[in-house]
Amino acid sequence: MLKVVPQPGEFIRGHSERLSLLNGFQSAEELLAVLDSKARDGRKGWDPAPAYQLIAPLARLDPVAYLKSHSLLPFSRVGAYSDEDVLDYEAPARVKQRSAWTLLRDEAYLCSHCVAEDESRLGYSYWRAFHQIPGVDACDVHGEALFAVKSPRPFGRQPGAWRGSARPISSELVALSDTPAVARYRRIARAFLMSERRVSRFAASRCLGHRAQAMGFRVGARGSQSTLADCICNSFPAGWLAAHYPRLSVAPRGANVQPVDGAARAQLSDGMVYAMALAATFASAEEAIHAFRSATSDPVRRPRLRTGALLERRERLLPLYLAAEGRALRVAEVLGVTESAAFRQLRAVGLPTIGKVTKSDRQRVISFVSKASREEVDRWVVAGSNIRSL
């Protein structure tokens, strides 16, 4: 097959489609099916390899480099579950075969000036990853409005092929791109996309929590003070929030908006939430990026399993945990409690919820927990219940 190195900043989905057409396929899905079949080599019952791993050799790139330089995951998954995961960009990409192709907006976006320059310089145009980030309404190079493409397969054609039908983002929304908070947000989003390292949810919450408290905002779930969500609403134009994060634009003041306020309480949030929070709490993007990257985690409390009560509780939960394959929701259904309550009970005894990890990682945990002795499970739990240590 023909091998084609992606252009700088080219979006992985657009590059995959371009590769497929150059190799005579009708779509990237068709190319992926052929590559997957070759990788399986007739084997059955085998987890399919992620799309980025299958296509990276045709891009003449290491799979991790391909993922980090051309997908949106460095932005969307800038937050990591723990300190052990900050260099791991592959785990989020292995959840499903096409996770690396994930879009964060309902439409695909292009810049007409970039398209014209591409066609003049290269003879074709390509899709930029940065243009696909939510909240980016204007090209960061030309400052002009991006154009939206609404199609089931927008990346199946070069951006230039959509010039006649693409819809420009409204001038009112584009004008908001130069407001202070939005301008900071765009620079922070760009830094996330180009980052070589993620930030643990503990370090992120320490950075945002300390900053919010210093500004007089509430970090805890209860209280009468304004919240981090209020801080973002005060900083960003209402029209921008309504277009890109409508949940905030309609939330009552003082309300606890969990995906946002939880970011300051060690909840794992998405890249847009972290970027908005940083843009709202720092005077400059550079200061925000430095503080976020240099933040350290508070010491993580490990479960103490020396008390008989905790050991007894774990022994009682263990059969449910195994039957539910580590899924907190299934445990909750059996116990008759909420999913969050089941999550807290499992975490208290060191049993990680594994409903959203890959099938192979889930099987690894279940196999270990079901076969290991109590002492072996104790050692694993006290060490942090790290799946990769199994």
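Note that the coordinates shown come from a computational prediction; the quantities given were computed from them, not determined experimentally.

**Q** How should the overall build of the protein be read in this particular structure?
**A** Scanning the protein from N- to C-terminus turns up 21 helices and 5 strands. Relative to the globule expectation of 21 Å for 390 residues, the C-alpha radius of gyration of the protein, 23 Å, shows essentially globular dimensions. Projected onto its principal axes, the C-alpha positions of the protein cover 75 × 60 × 35 Å. Taking all 390 residues of the protein together, the buried fraction comes to 51%. The long-range share in the protein, meaning contacts at least 24 apart out of those at least 6 apart in sequence, stands at 68%. Carbon and sulfur atoms form 52% of the exposed surface of the protein, whose accessible area is close to 18600 Å². In the protein, 55 positive and 39 negative side-chain charges are present, and the distance between their average locations comes to 4 Å.

**Q** Mind showing me how you'd approach the sheet that holds strand 4 (residues 167–168) here?
**A** Within a sheet, neighbouring strands are paired by backbone hydrogen bonds and run either parallel or antiparallel to one another. Pairing within the open sheet is antiparallel, and its 3 strands lie in the order 2-3-4. Strands at the two margins of the open sheet, each flanked by one partner only, are strand 2 (108–110) and strand 4.

**Q** Please clarify how helix 2 (residues 28–40) should be interpreted in this entry.
**A** Since there are 3.6 residues in each turn of an α-helix, residues three or four apart along the chain are aligned in direction. Along its 13 residues, helix 2 runs 18 Å from first to last C-alpha, staying within 8% of the 18 Å computed at 1.5 Å per residue. At the C-terminal side of helix 2, Asp41 shows a positive phi close to 55 degrees.

**Q** Can you help me understand the packing of helix 9 (residues 180–193) against helix 15 (residues 271–281) in this one?
**A** What describes two packed helices is the angle between their axes and the distance between those same axes. Taken N-terminus to C-terminus, the directions of helix 9 and helix 15 make an angle of 135 degrees; their axes are 8 Å apart at the nearest point. Relative to helix 15, the element helix 9 is oriented oblique. Where helix 9 crosses over helix 15, the two elements pack in a sense that is right-handed. Facing Ala181, Arg184, Tyr185, Ile188 and Phe192 of helix 9, the residues of helix 15 in contact are Gly271, Met272, Tyr274, Ala275, Met276, Leu278 and Ala279. Of the residues that constitute the contact of helix 9 with helix 15, the class distribution is 10 nonpolar, 1 polar and 1 charged.

**Q** What should I look at first to understand the packing of helix 9 against helix 16 (residues 285–294) in this one?
**A** Running from N to C, helix 9 and helix 16 cross one another at 40 degrees; their axes reach a closest spacing of 9 Å. Here helix 16 runs oblique to helix 9, going by the angle between their axes. Of the two possible hands of crossing, helix 9 and helix 16 adopt the one that is right-handed. Across the interface between the two elements, Arg184, Arg187, Ile188, Ala191 and Phe192 from helix 9 touch Ala285, Glu286, Ala288, Ile289, Phe292 and Arg293 from helix 16. Counted by class, the contact of helix 9 with helix 16 contains 7 nonpolar, no polar and 4 charged residues.

Cut-off values and rules
- Residue numbers restart at each chain and count upward from 1, following the sequence in its written direction.
- The model is predicted, so local features are restricted to residues of pLDDT at least 70 and side-chain atom pairs to those at 80 or more, both for listing and for counting; the totals for chains, interfaces and linings are taken over all residues.
- To get the side-chain values, take all heavy atoms of the structure and skip hydrogens and water.
- Put simply, DSSP marks the helices as runs of H or I at least four residues long and the strands as runs of E at least two long, and each gets a number from the N terminus on.
- The globule rule is 2.2 Å times the number of residues to the power 0.38, and the radius of gyration it is compared with is taken over C-alpha atoms.
- Each residue gets one of three labels from its accessible area relative to the maximum for its type: buried under 20%, exposed over 50%, partly exposed in between, using a 1.4 Å probe on protein chains only.
- In this analysis, two residues are considered to be in contact whenever any of their non-hydrogen atoms come within 4.5 Å of each other.
- Exposure was quantified through the Shrake-Rupley algorithm and a 1.4 Å probe, taking into account, for residues, occlusion by the shown protein chains and nothing else.
- Charge assignment in this entry is limited to Lys and Arg as positive and Asp and Glu as negative, and neither His nor the chain termini are counted.
- By convention, the point assigned to a charge is CZ for Arg, NZ for Lys, CD for Glu and CG for Asp.
- DSSP bridges decide pairing: two strands pair if at least two such bridges lie between them.
- In this scheme, a helix's expected span is set at 1.5 Å multiplied by one less than its residue total.
- Axis definition: a line fit to C-alpha positions, over the contact stretch in the case of helices; interaxial angles, taken between N-to-C directions, run 0 to 180 degrees.
- In these notes the angle categories are as follows: under 35 degrees is roughly parallel, over 145 is roughly antiparallel, 65 to 115 is roughly perpendicular, and the rest is oblique.
- Left-handed describes a crossing in which the near helix is turned anticlockwise from the far one by less than a right angle; the clockwise case is right-handed.
- Following the grouping adopted for this structure description, the nonpolar residues are Ala, Val, Leu, Ile, Met, Phe, Trp, Tyr, Cys and Pro, the charged ones are Asp, Glu, Lys and Arg, and the polar ones are all others, Gly among them.

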